[in-house]
Structure formats: structure tokens, C-alpha cells
Amino acid sequence: MVLFLPYLSDGIVPAETMPGVLRDFALAQPLTPIITALRALLLDQPMGASGGVAAAWLAGAVAAALPVAAVLFRRRTAGR
């Protein structure tokens, strides 16, 4: 599922050219602000609010994945 998110983001086609529901999904998912922020950094353009939104999405992903990784690590190494 995660592998298909870039295809439904603003990374390949601008979200403004997408049909209604697809455009709303593309603008609401986490990859769109990350791609927009990276594109602005690479092209030396102003980032606007996408930098803060991208940082928040990435921090949230790390905050959600860290406890899961810790539990899985403890389970796998508990018998050693």
C-alpha cells in the first residue's frame, strides 16, 4: 500500500490537475508536502508551509514507529 502513495501524490502530476476526490486525497496524504518541500529545496525556491508540514509528518512517523520497533526488537531478542 505504501508503495503506491507516491503515484497518488503531487510528485508526478500537479494536484490541481487531478479530479476532485483524487485531488483531495493527494493534498491530504503525507508525501505531497514532503515532495513539495524537497522540490523547493532542490530548485532553490521558497518552501512556504510545506517544510513545516513535512517535518511534522516525518516526526509523527518516527514517533509512531519507534515504540513498535522497540516492542518487536524485545520480542525477537528476548530468547537469546
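A short tour of the structure in this document, coming up. Quick caveat: nothing in here was measured; it's all calculated off a predicted structure.

Considering the packing of helix H2 (residues 31–42) against helix H3 (residues 50–77)
Packed helices, taken two at a time, are described by the angle their axes make and the gap between the axes.
Next up, step 1: One can describe the packing of H2 onto H3 by two numbers: an axis separation of 8 Å at closest approach and a directional angle of 130 degrees. Classified by the angle their axes make, H2 and H3 are oblique. Here H2 and H3 pass one another in a crossing that is left-handed. Along the contact surface, H2 presents Pro33, Ile34, Thr36 and Ala37, while H3 presents Ser50, Gly51, Val53, Ala54, Trp57 and Leu58.

A word on a nonpolar patch on the surface
Next up, step 1: Residues Leu3, Phe4, Tyr7, Leu8, Ile12, Val13, Leu22 and Phe25 make up a contiguous nonpolar surface patch of about 820 Å² in total accessible area.
Next up, step 2: Tracing the chain through its elements places Val13 in the segment before helix H1 (20–28).

Details of H2
Next up, step 1: Taking 1.5 Å of rise per residue, the 12 residues of H2 would be expected to cover 16 Å, and the 16 Å separating its terminal C-alpha atoms lies within 8% of that figure.
Next up, step 2: All of the buried residues along H2 are Thr32, Pro33, Ile34, Ala37 and Ala40.
Next up, step 3: Looking at the buried residues of H2, the elements they touch are H1 and H3.
Next up, step 4: Immediately downstream of H2, the backbone of Asp44 shows phi near 55 degrees, a positive value.

Conventions adopted
- Residues numbered from 1 in each chain as written.
- Predicted model: local features only at pLDDT ≥ 70, side-chain atom pairs only at ≥ 80, totals over all residues.
- Heavy atoms only, no water.
- Axes fitted to C-alpha atoms, helices over the stretch in contact; angles between N-to-C directions.
- Helix = DSSP H or I, 4+ residues; strand = E, 2+ residues; numbered from the N terminus.
- Parallel < 35°, antiparallel > 145°, perpendicular 65-115°, else oblique.
- Left-handed = near helix turned anticlockwise from the far one by under 90°.
- Contact = heavy atoms within 4.5 Å.
- Patch = residues over 30% accessible without salt bridge, like charges linked within 9 Å, V, L, I, M, F, W, Y side chains within 5 Å.
- Areas by Shrake-Rupley, 256 points an atom, 1.4 Å probe, with all protein chains shown as cover.
- Salt bridge = Lys/Arg side-chain N within 4 Å of Asp/Glu carboxyl O.
- Expected span 1.5 Å × (residues − 1).
- Buried < 20%, exposed > 50% of the residue type's maximum accessible area, 1.4 Å probe, protein only.

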